[in-house]
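# Per-entry structural report
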Amino acid sequence: MVGGSLILSVAVLVVAFAVLSYSVFSFAHVRISDVDMTELDRLRREGILPDKPRLVEDFDLIHAKIAHVAPAVYLRQEFWLRLYFHLLRAARTVRPNAAGLDRELLRLSAYQAHHYWVAMKRLDALRNPSL
Amino acid sequence: MSFSLAVWLVVCLADLAAFAATFRRGLDRGLLWLRWYFALALASNVVVHSFLLKFGYTTKQYAYAYYLGDLAIVIFGFMVLARLVELAFEKSSVKLPGLRLGAILVFTGLAVCSAAVVYMSRGGLTTFSFGSEMEQNFSFLGMLMAIILVVGMNALAVPGLRFRRVVLSFSVLYSSGAIAYSLAAVMPHLVDPIMIFIVPVTSLAGIGLIAYSLWVPQPAEKTVKERKSAMVPDGLREGAW
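Since the structure is predicted, the reported quantities are computational estimates derived from the model, not experimental observations.

## Remarks on the overall build of chain B
A tally of regular secondary structure across chain B gives eight helices and zero strands. The secondary structure elements of chain B, listed N-terminal to C-terminal, are α-α-α-α-α-α-α-α. Scored against the burial criterion, the 241 residues of chain B give a buried share of 34%. Relative to all contacts within chain B whose residues are 6 or more apart in sequence, the contacts with residues 24 or more apart total 68%.

What follows is the structure in structure tokens.
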């Protein structure tokens, strides 16, 4: 028992859970913090995404498109992306005017856009083998 | 193959992968301390397991080896974290004078407090109780230190993606360890399953994340202008939810 006290042990448990959650989601944030936005713009330019940007629908659309192609090109979608997406959505319902959450969602879509182009490149290589 | 041997092998493999990752070219000099950390972790794992095989699970010798080995890793991890703090802020305009002295004072204070708590609550000091108390306290301290460092690095936009990932991995390692020890304290009837299943899994997760952070190439740091390009365009938020 922490310091011989049950209350202290429960307090440590609660703080440790909070820190663990923060660390896990910060790890996710760090992965997308330097994402290349041009790949998302390219999806829009090529008409794959609608002209008018929508945070949630864009992510869902790219996710669905990758899911359609992924098995054929041996691409495994990272499971934390979906979890992080739902967490951001939940956080956005609590703080509807948080621009930081919108920015994070946009980065998440851009991160997925990168995967989409990776999948397309692999598909192209399968269809048109150079050898 | 027994369960303990399988767990030991997996943990050793994770340590070995992380140790090998510290030999990668172009690794930041501050992260080289991790090489010693994982060398110590590997050596400790080998020694503890050899004691287990030679003396058995219920012997004093194994208890001494287990607590000394584990404690050495936790304390050295705390020192590595202090070194990472120093190096991370060395790259920024923030100066942290007396950090090493502060870390040594905190370490000494915590060790004395742990000994005092054990002595007062049990009327004496035993390796098991003192080792367990120290491990628990250092997990909590390491967790707090890591999270303060992460928040500080984010707030001050300290450069170094790999640094941030490594520190976050330490935060995951220490906070999951603190959860395991506090769960064992709150629910003493679950001590055995926690120590047999949860502690190895949390250690593996932490070590795995550190190894991953070291293996994954670090992308080039972006300029302020490039970072601004990731801002949400005007009008985007209308009707988005």
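## A word on the confidence of the model for chain B
Residue and element names in this part refer to chain B. Taken as a whole, chain B shows an average pLDDT of 77; of its residues, 84% reach a score of 70 or greater. Per-element confidence in chain B is highest for helix H2 (residues 33-55), whose mean pLDDT is 89, and lowest for helix H8 (residues 224-228), whose mean pLDDT is 52. Low confidence marks residues 234-241, where pLDDT is under 50. Its contacts with residues over four positions away, or in another chain, come to ten contacts. Reported for the predicted complex are a pTM of 0.74 and an ipTM of 0.72.

## Points about the domain arrangement of chain A
The figure often quoted for interface size is the accessible area lost as the parts come together. Residues and elements named next belong to chain A. The domain boundaries assigned to chain A delineate domain 1 (1-34) and domain 2 (35-127). Here domain 1 and domain 2 have C-alpha centroids that lie 29 Å from each other. Of the residues lining the interface, five residues belong to domain 1; the matching set on domain 2 comes to eight residues. Each residue belonging to the side of domain 1 that touches domain 2 can be placed in one class, and the counts come to three nonpolar, one polar and one charged.

## Side note on the nonpolar core
Counting 78 residues, the largest nonpolar core has B:Ala18, B:Leu81, B:Ala146 and B:Val167 as the members making the most contacts within it. Here the element with the most residues in this core is helix H6 (residues 161-186) of chain B; it accounts for 14 residues. The two domains that each donate at least three residues to this core are domain 1 (1-34) and domain 2 (35-127) of chain A.

## Side note on the environment of B:Gly142
All names here are of chain B. Structurally, glycine 142 is set in helix H5 (residues 127-155). Residue classification places glycine 142 among the buried residues on the basis of 24 C-beta atoms within 10 Å. For glycine 142 and phenylalanine 89, which are 53 residues apart along the polypeptide, the C-alpha to C-alpha distance reads 18 Å.

## Regarding the confidence of the model for chain A
Residues with a pLDDT of 70 or more make up 96% of chain A, whose mean pLDDT is 84. Mean pLDDT values for the elements of chain A range from 82 in helix H1 (residues 6-32) of chain A up to 89 in helix H3 (residues 55-69) of chain A.

## Let's talk about the packing of H1(A) against H6(B)
The N-to-C vectors of H1(A) and H6(B) enclose an angle of 155°; their axes lie 8 Å apart at closest approach. Considered as vectors, H1(A) and H6(B) are oriented roughly antiparallel to each other. When you trace H1(A) past H6(B), the crossing you get is left-handed.

What counts as what
- Residues numbered from 1 in each chain as written.
- Chains lettered and ligands numbered in written order.
- Predicted model: local features only at pLDDT ≥ 70, side-chain atom pairs only at ≥ 80, totals over all residues.
- Helix = DSSP H or I, 4+ residues; strand = E, 2+ residues; numbered from the N terminus.
- Buried ≥ 20, exposed ≤ 12 C-beta atoms within 10 Å, placed from the backbone.
- Contact = placed C-beta atoms within 7 Å.
- pLDDT = per-residue confidence, 0-100.
- Domains from an automatic or database assignment.
- Nonpolar A, V, L, I, M, F, W, Y, C, P; charged D, E, K, R; others polar.
- Core = buried A, V, L, I, M, F, W, Y, C linked by C-beta atoms within 7 Å.
- Axes fitted to C-alpha atoms, helices over the stretch in contact; angles between N-to-C directions.
- Parallel < 35°, antiparallel > 145°, perpendicular 65-115°, else oblique.
- Left-handed = near helix turned anticlockwise from the far one by under 90°.

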